[in-house]
Amino acid sequence: MLLIAFLPVVARNNGLLLHASLVEFEGRAVAFTASSGTGKSTQADLWHEHLGAEIMNGDRAFIRRFDGEWRAYGSPWAGSSPYIRNVKAPLAGIVVLKQAPENRIRRLNAAEVMAYLYNNVRYPFWDEEATAASLETLDALIGEIPIFLLECLPDEGAVRITRDAIFGAEA
């Protein structure tokens, strides 16, 4: 019930709740989003194992534009994940996951982002103004934050190509 009350407040303050696992790497956050069972927590665990990234949340991440900067926040809601940390970090990118027989990553264009990301945002549909605010925030996010499609295996190779795409090959 608390989440239901909280969601419109987040929406009215340039925020979104994203169904995602969230990690912090080199002081910046990366959100992994997908349908349940696709591998969000697995990718977060792999980032922790291979890069030493800290897992901020395992299932629900708050994303907010504040003072001109996109920030990601751990939330007290993490579904079946044990990862719940009250931390924040500047948002470096969002990665949409898709299981595949090989690892490859590419940046999505705006039209593709809506197709992949729209259903992973939690909207306060019971509040028309807050829902409109959520959509405005999503539109701004799409224009300002890199969003990638990672077709992948649950392995270190997926971690490395994602890190390189978001942080550069020298990270």
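Further up the page is the structure itself.
The rules we used
- Residues numbered from 1 in each chain as written.
- Predicted model: local features only at pLDDT ≥ 70, side-chain atom pairs only at ≥ 80, totals over all residues.
- Heavy atoms only, no water.
- Phe/Tyr/Trp six-rings, centres within 6.5 Å; stacked < 30°, edge-to-face > 60°.
- Helix = DSSP H or I, 4+ residues; strand = E, 2+ residues; numbered from the N terminus.
- Buried < 20%, exposed > 50% of the residue type's maximum accessible area, 1.4 Å probe, protein only.
- Expected span 1.5 Å × (residues − 1).
- Polar contact = N/O pair within 3.5 Å; in protein donor to acceptor, adjacent residues only side chain to side chain.
- Axes fitted to C-alpha atoms, helices over the stretch in contact; angles between N-to-C directions.
- Parallel < 35°, antiparallel > 145°, perpendicular 65-115°, else oblique.
- Left-handed = near helix turned anticlockwise from the far one by under 90°.
- Contact = heavy atoms within 4.5 Å.
- Salt bridge = Lys/Arg side-chain N within 4 Å of Asp/Glu carboxyl O.
- Pairing = 2+ DSSP bridges.

1. Details of the packing of aromatic side chains
And then number 1: Tallied over the entire structure, the rule returns seven aromatic pairs.
And then number 2: Aromatic side chains F25 and F167 sit 5.1 Å apart centroid to centroid with 75° between the ring planes, which places their arrangement in the edge-to-face category. Taken together, the residues F25 in strand β1 (residues 15–25) and F167 in helix α5 (residues 156–167) connect sequence positions 142 residues apart. Both residues of the pair, F25 and F167, belong to the buried class.
And then number 3: Feature note: the residues F25, F32, W47 and F167 constitute an aromatic cluster, connected by ring pairs.

2. Some thoughts on unusual backbone geometry
And then number 1: Its identity as a non-glycine residue notwithstanding, N14 has a phi of 60°, on the positive side.
And then number 2: Its place among the elements puts N14 in the loop between α1 (2–12) and β1.
And then number 3: Phi is positive for E26, which is not a glycine, with a value near 50°.
And then number 4: Assignment of secondary structure puts E26 in the loop between β1 and β2 (28–33).
And then number 5: With relative accessibility at 54%, the residue E26 sits in the exposed group.

3. Some details on helix α4 (residues 128–144)
And then number 1: For α4, spanning 17 residues, the distance from its first C-alpha to its last is 25 Å, which sits close to the expected 24 Å at 1.5 Å a residue.
And then number 2: Structurally, the start of α4 carries an N-cap: the backbone nitrogen of E129 is 3.2 Å from a side-chain oxygen of D127.

4. Focus on the packing of helix α3 (residues 110–117) against α4
And then number 1: Closest axis-to-axis distance for the α3/α4 pair is 10 Å, and the angle between their directions is 130°. On the basis of the axis angle, α3 is oblique to α4. Two packed elements cross with a definite hand, and for α3 against α4 that hand is right-handed. Judged by residue contacts, A110, V113, M114 and L117 of α3 engage L138, L141 and I142 from α4.

5. Quick notes on the pattern of salt bridges
And then number 1: For the structure shown, the criterion picks out nine salt bridges.
And then number 2: With a shortest N-O distance of 2.9 Å, R65 and E144 are connected by a salt bridge. In this pair, R65 sits in strand β4 (residues 60–66) while E144 sits in helix α4, placing the two residues 79 residues apart along the sequence.
And then number 3: Of the charged contacts in the structure, one is a salt bridge between E156 and R160, with a shortest N-O distance of 2.6 Å.

6. A closer look at the side chain of N57
And then number 1: Within the fold, N57 resides in strand β3 (residues 54–57).
And then number 2: Taking relative accessible area as the criterion, N57 reaches 0% and is therefore assigned buried.

7. Remarks on the pairing of strand β5 (residues 69–74)
And then number 1: Counting buried residues in β5 gives five out of six residues, a clear majority hidden from the surface.
And then number 2: Pairing geometry for β4 and β5, over six bridges, is antiparallel. Its bridge partner lying in β5, I63 is registered against A72.
And then number 3: In this structure, the hairpin formed by β4 and β5 is closed by a connection of two residues, where D67 is found at a positive phi of approximately 55°.

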